[in-house]
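Below, each chain spelled out in residue letters.
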Amino acid sequence: MAKELEQQDGRLPKSIKDGKLETSDCYWWCSGFFPGELWYLYENNPTPELKKYAGLFTERLEKVQHVTDNHDVGFMLYCSYGNGYRLTQNPAYKDVLVTGAGSLSTRFNPMIKAIRSWDFTNNGKWQYPVIIDNMMNLELLFAATRLSGDSTFYKVAVSHVDRTMKEQYRPDGSCYHVVDYSMKDGSVRNRHTAQGYAHESAWSRGQAWGIYGLTLCYRETGDRKYLDQALKAVRFMFNHKNTPEDLVFYWDMDAPNIPNDYRDASAAACIASALYEISTVDVPEPQTYKAYADRIMESLASPTYRAELGTNGNFLLMHCVGSIPHNGEIDVPLNYADYYFLEALKRKRDIEQKGSKGC
Ligand code: GLY
């Protein structure tokens, strides 16, 4: 994939469309995943070629540090520059991360106490939409405080997760996709979905973003309430009547055509990665979480989900869903499924080889 795109100025892989590799520029929310995958591959096998490609594709995102019109800067920069900085200590990468965190922080409203996800208002239905996906962007903010010494980023992240935990989660441990806040007084106006089956359903990738995001907030702050909420969300997913035997979740836990509905390998991969981290922290029966993650990974690595080498546009995994309500990216490979699959493999290997903290 890297060789195929090397000469295509600024392009990054996204998915497959009409049987062909579909690419994006750096401003698509998924632009950071492929460089991140290359960094994970380089970490596993540190060849000069992998380092060259990881650097080349990472640096295609340089302009993203100035993006202020959406919240995805965290996904984009932390997967690419974040992993790159972790492995190379390149000071230029550090500067991009800190500038990017500043751009993301411009979207924080102290009255609402959360970062605005989208400027898009859904034809005037929303004033200040915050989506559960936004939890993933907090990792960039925590990193930026460590890198710069400026605690503002950390405070923004903590405020965001606290408001999200209060407003976005249901008593059963599942979460809403979109919470819309009033710009007048900060109250909740709507609890909706955008990519799930229904406002009251549990969109599987949203559950994944929440579980992963809460787990990283626990890692960064040591505050147990985030881990407790993550564990509740995990129990929701794994005790659900619609959880399939192979643990590769349907695209929505309440999808209308279960058991004949689409699976979303991206949600499963992201949850597996988070579960490996959970299995390394102070939880009762940590091996249960590792066993769930291992089962997901065995399914994803089987021929049902893992494409044969050289097929599938060179993506690793098949059977992901972008957005069924928007009729986009249905039953296709997606670069973030591959990213979290590789990250989960790394975490699994670290835990098993070192017998120590893998995350
Ligand atoms: N962050 C968008 C998605 O999960 O599809």
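Per chain, residues are indexed from 1 in the order of the written sequence. Reporting of local features is limited, given that this is a predicted model, to residues whose pLDDT is at least 70; pairs of side-chain atoms are given and counted only at 80 or more, and all residues count toward the totals for whole chains, interfaces and linings. Computation of side-chain values: all heavy atoms of the structure, hydrogens and water removed.

Packing of helix 4 (residues 73–88) against helix 5 (residues 91–105) brings their axes to within 9 Å, and their N-to-C directions diverge by 155°. The angle between the axes of helix 4 and helix 5 places the two elements in the roughly antiparallel class. The chirality of how helix 4 crosses helix 5 is left-handed. Seen from helix 4, the contacting residues are V73, G74, L77, Y78, Y81, G82, G84, Y85 and T88; seen from helix 5, they are P91, Y93, K94, V96, L97, G100 and L104. All axes here are fitted lines through C-alpha atoms, helices being fitted over the stretch that makes contact, and every angle between N-to-C directions spans 0 to 180 degrees. Helix and strand labels come from DSSP, where a helix needs a run of H or I of at least four residues and a strand needs a run of E of at least two; each type is numbered from the N terminus. Oblique is the label for any angle not covered by the other classes, which are roughly parallel (under 35 degrees), roughly antiparallel (over 145) and roughly perpendicular (65 to 115). Crossing handedness: left-handed means the near helix sits turned counterclockwise from the far one by under a right angle, and right-handed means the same turn made clockwise. In this analysis, two residues are considered to be in contact whenever any of their non-hydrogen atoms come within 4.5 Å of each other.

Before going further, it helps to spend a moment on the sheet that holds strand 7 (residues 188–192). Being paired, for any two strands, means DSSP has found at least two bridges between them. The strand order across the open sheet formed by three strands is 5-6-7, and the pairing between neighbours is antiparallel. Each edge of the open sheet is held by one strand with a lone partner, namely strand 5 (128–131) and strand 7. The average angle at which neighbouring strand axes cross in this sheet is 20°, direction not considered. Bridging between strand 5 and strand 6 (residues 178–181) involves four bridges; their strand directions are antiparallel. Bridge pairing links P129 to D180 in strand 6. Along the sheet, helix 7 (residues 152–168) contacts strand 5, strand 6 and strand 7; its crossing angle with strand 6, the most-contacted strand, is approximately 105°.

Turning our attention to unusual backbone geometry. Here the bond from I258 into P259 is cis, since omega is 10°, no more than 30 degrees from zero. Position of P259 among the secondary structure elements: in the loop between helix 9 (224–238) and helix 10 (265–278). Of note, D18 is a non-glycine position whose phi angle comes to about 50°, a positive value. Along the polypeptide, D18 turns up in the loop between strand 1 (12–17) and strand 2 (20–24). When accessible area is computed with a 1.4 Å probe and restricted to protein chains, residues below 20% of their type maximum are described as buried, those above 50% as exposed, and intermediate ones as partly exposed. Owing to a relative accessible area of 76%, D18 belongs among the exposed residues under this scheme. Here N312, not a glycine, exhibits a phi torsion of approximately 60°, which is positive. If you trace the backbone, N312 turns up in the loop between helix 11 (286–300) and strand 8 (320–323).

With respect to spatial proximity, the complete set of residues near the ligand consists of W29, D133, Q195, W203, R205, W209 and Y336. One of the side-chain N or O atoms of D133 is found 2.7 Å from a nitrogen atom in the ligand. When the ligand is considered free in solution it has 200 Å² of accessible area, and contact with the protein chains removes 92% of it. More than half of the atoms of the ligand fall within 2 Å of the grid points belonging to the largest pocket. Class assignment for the residues of the shell around the ligand results in four nonpolar, one polar and two charged. Here a residue is near a molecule or strand as soon as one of its heavy atoms is found within 4 Å of it. Counted as a polar contact is a pair of N or O atoms within 3.5 Å, where, for protein atoms, one must be capable of donating a hydrogen and the other of accepting one, and residues adjacent in sequence contribute only when both atoms are in side chains. For the accessible areas, the method is Shrake-Rupley and the probe is 1.4 Å, while residue cover comes only from the protein chains on display. Here the term cavity refers to a set of points on a 1 Å grid, laid over the protein atoms alone, in which a 1.4 Å probe fits but cannot get out; the term pocket refers to an open set having protein on both sides within 12 Å along at least five of seven lines, with lining residues being those that place an atom within 4 Å of a point. Each molecule is assigned to a cavity or pocket provided more than half of its atoms lie within 2 Å of the corresponding grid points. Any residue outside Ala, Val, Leu, Ile, Met, Phe, Trp, Tyr, Cys, Pro, Asp, Glu, Lys and Arg is labelled polar, Gly included; the first ten of those are nonpolar and the last four are charged.

What follows deals with empty space enclosed by the protein. To find leftover empty space, a probe the size of one water molecule is rolled over the atoms. Grid points are joined across faces, edges and corners, and a volume is the space filled by probe spheres set on the points. This model, assessed by the stated rule, comprises one cavity of 30 Å³ or more. As a volume, the largest cavity reaches approximately 40 Å³. Surrounding the largest cavity, R170, C175, Y176, H177, T193, A198, H199, S201, W203, G206 and Q207 form its lining. Tallied by class, the residues present in the lining of the largest cavity amount to four nonpolar, six polar and one charged.

Summarising the element assignment, L77 is placed in helix 4. Setting aside residues no more than four positions away along its own chain, L77 makes contact with L61, V64, Q65, G82, V96, L97, G100 and L140.

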